[in-house]
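Each chain, written out:
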Amino acid sequence: MKIAILSRNAKLYSTKRLIEAGQERGHEMRVIDHLRCFMDMGTDNPSIHYKDEEFNPGDFDAVIPRIGASVTFYGTSVVRQFEIMGTYCVNESVAISRSRDKLRSIQLLSRKGVGIPVTAFANSPDDVKGLIREVGGAPLVIKLLEGTQGIGVVLAETQKAAESVIEAFMGVKSNILIQEFIKEAGGSDLRCLVVDGKVIAAMQRTAPEGEFRSNIHRGGSAQLVKLTPKERATAVKAAQIMGLNVCGVDLLRSSRGPLVMEVNSSPGLEGIERATEKDVAGMIIECIEKNAKPNKTRTRGKG
Ligand SMILES: Nc1ncnc2c1ncn2[C@@H]1O[C@H](COP(=O)(O)OP(=O)(O)OP(=O)(O)O)[C@@H](O)[C@H]1O
Ligand SMILES: [Mg+2]
């Protein structure tokens, strides 16, 4: 098959591993920088222009989107254009957009009965105290909606700290959500890699001493972990609700069971492959082999 990886940088670990895994299985792999694509709409023959090339329906059998959070808007429009051209995309544009919107994700997960930390959000609450009460008071976690890698995630240990941090964020017109602090998680979270409706690898990330955020970028470390059946089922259900074939589901171990923190549509492969010694990239390619329909798309638009 001809498989395109939408990635800004062919040298990234995840991108390199996907190229390798695809080539090992006899596929033709190509890295395309989605920000350098431009698109033609309203014509009979939808296409994508890339540098001095033009991609037409059938040029690729499958697309692996690796869209960074900062370019979700443009990146998903490129994925959508491939969909319009009839190309199989391992994660669909609508699913990527859905999971990138933290509020929307939380609303969808809670509506379907998946455990999540008690979370409140408000645009401009007149009543900050009421908002804090909503999540059970301090200590609580305040998150900037556009934060990643742990930046913009603040633990407010007291009511006073919570009030002032919330007021400060609101004062600079930042979008935030307020969440109950899951103390018993002990500075750890679980990253579950879900591919094609199954958890294929999982690791526990643990924050360094004195830190509650387990992000590797904040100095967290990763270990192999055995999930409980409930944790597995929760991760699979979260992926299914988001409509993602490939994703990383982050869970907190709470006293009331696993709680979903986030579903990531472009999960990094380095940490999880190193911690588990599994060929996650290979399993993503296998998922494509199973679900993409090569010859059907190849002739589309050419007749
Ligand atoms: N409600 C909570 N209770 C306890 N710990 C939390 C809570 N929310 C977040 N954490 C810790 O903080 C870390 C960072 O939080 P989160 O994953 O929500 O933000 P982020 O990593 O900055 O965003 P993203 O995952 O979208 O890149 C988590 O991995 C977890 O260890
Ligand atoms: Mg995170």
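Here the residue numbering is sequential within each chain, running from 1 through the sequence in written order. Going through the entries in the order they are written, you letter the chains from A and number the ligands from 1. Whole-chain, interface and lining totals are the exception, using all residues; otherwise, since this is a predicted model, local features are given only for residues with pLDDT of at least 70 and side-chain atom pairs are given and counted only at 80 or more. As a rule here, side-chain values cover all heavy atoms of the structure and leave hydrogens and water aside.

A.B. asks: What's the story with the nonpolar core in this structure? I'm lost.
C.D. replies: The nonpolar side chains of a soluble globular protein tend to be buried with one another. What we call a nonpolar core is a set of buried Ala, Val, Leu, Ile, Met, Phe, Trp, Tyr and Cys residues that are connected through their side-chain atoms within 4.5 Å. Per-residue accessibility, obtained with a 1.4 Å probe over protein chains only, is compared with the maximum for each type, and a residue is labelled buried under 20%, exposed over 50%, and partly exposed between these values. Counting 44 residues, the largest nonpolar core has Ile32, Phe82, Val249 and Val260 as its most contacted members. Among the nonpolar cores identified, the runner-up in size contains 26 residues, and Ile3, Val195, Ile272 and Cys287 belong to it.

A.B. asks: Whenever I open this one, the pattern of salt bridges confuses me. Can you help?
C.D. replies: The rule for a salt bridge is simple: a side-chain nitrogen of Lys or Arg has to be within 4 Å of a carboxyl oxygen of Asp or Glu. Applying the stated rule across the entire model yields 17 salt bridges. With a shortest N-O distance of 3.5 Å, Asp279 and Arg25 are connected by a salt bridge. With a gap of 254 residues between them, Asp279 in the loop between α8 (270-276) and α9 (280-291) and Arg25 in the loop between α1 (13-24) and β2 (28-32) connect regions that are remote in the sequence. Its salt-bridge partner being Glu211, residue Arg213 comes within 2.7 Å of it at the nearest N-O pair. Given a relative accessible area of 19%, Arg213 falls into the buried group. Shared partners join several salt bridges into a network, and the residues in it are Arg17, Glu20, Arg25, Glu273, Asp279 and Glu286. Runs of E in the DSSP output that reach at least two residues are strands. Runs of H or I that reach at least four are helices, and both are numbered from the N terminus.

A.B. asks: What should I look at first to understand the sheet that holds strand β5 (residues 53-55) in this one?
C.D. replies: Each strand in a sheet pairs with its neighbour through backbone hydrogen bonds, running either in the same direction (parallel) or in the opposite one (antiparallel). Whether two strands pair depends on DSSP finding at least two bridges between them. Across the sheet, three strands lie side by side as β3-β4-β5; this open sheet has antiparallel pairing. In this open sheet, the two edge strands, each paired with only one partner strand, are β3 (37-40) and β5. Averaged over all adjacent pairs, the angle separating strand axes in this sheet is 30°, with direction ignored. Pairing of β3 with strand β4 (residues 47-50), which is carried by four bridges, proceeds in the antiparallel orientation. Of the residues in β4, the one forming a bridge with Cys37 is Tyr50. Contacts from helix α2 (residues 72-84) reach β3, β4 and β5 within the one sheet, and its direction differs from that of β3 by about 50°. Each axis is a line fitted through C-alpha atoms, and for a helix only the stretch in contact is used; angles between axes span 0 to 180 degrees, taken between their N-to-C directions. By definition in these notes, contact holds between two residues if any of their heavy atoms fall within 4.5 Å.

A.B. asks: Would you take a moment to explain the sheet that holds β2 for this structure?
C.D. replies: With parallel pairing, the four strands of this open sheet are ordered in space as β2-β1-β6-β7. Sheet topology places β2 and β7 (88-89) at the edges, where each strand pairs with a single neighbour. Judged from the two bridges that link them, strand β6 (residues 62-65) and β7 form a sheet pairing that is parallel. Its bridge partner being in β7, Ala62 is matched across the sheet by Tyr88.

A.B. asks: Just to check I follow, could you spell out a nonpolar patch on the surface for this structure?
C.D. replies: Any residue with relative accessible area above 30% and no salt bridge may belong to a patch, with like charges joined within 9 Å and the nonpolar Val, Leu, Ile, Met, Phe, Trp and Tyr side chains within 5 Å. To be clear on the numbers: accessible area is Shrake-Rupley with a 1.4 Å probe, and residue cover counts the displayed protein chains and nothing else. Residues Leu35, Phe38 and Tyr74 make up a contiguous nonpolar surface patch of about 250 Å² in total accessible area. With respect to the secondary-structure elements, Tyr74 resides in helix α2.

A.B. asks: Please explain the site of ligand 1 as it appears in this structure.
C.D. replies: If a single non-hydrogen atom of a residue is within 4 Å of a molecule or strand, that residue counts as near it. Taken together, 21 residues lie around ligand 1, and Lys143, Gly150, Ser214, Asn215 and Glu262 are the ones closest in. Here a polar contact is recorded for every N or O atom pair within 3.5 Å, except that within protein the pair must consist of a potential hydrogen donor and a potential acceptor, and residues adjacent in sequence are included only if both atoms are side-chain atoms. Contacts to ligand 1 include Glu262, whose side-chain N or O atom sits 2.3 Å from an oxygen atom. Considered on its own, ligand 1 offers 600 Å² of accessible surface; in the complex 94% of this is hidden by protein. At the level of elements, β9 (140-144), β11 (176-180) and β16 (257-264) are the ones that each hand at least two residues to the shell around ligand 1. Any residue that is not Ala, Val, Leu, Ile, Met, Phe, Trp, Tyr, Cys, Pro, Asp, Glu, Lys or Arg is counted as polar, Gly included; the first ten are nonpolar and the last four charged. Taken together, the residues that form the shell around ligand 1 break down as eight nonpolar, seven polar and six charged. Looking at the shell around ligand 1, you find at least three residues from each of domain 2 (98-102 + 184-285) and domain 3 (119-181). An automatic or database domain assignment supplies the residue ranges for each domain.

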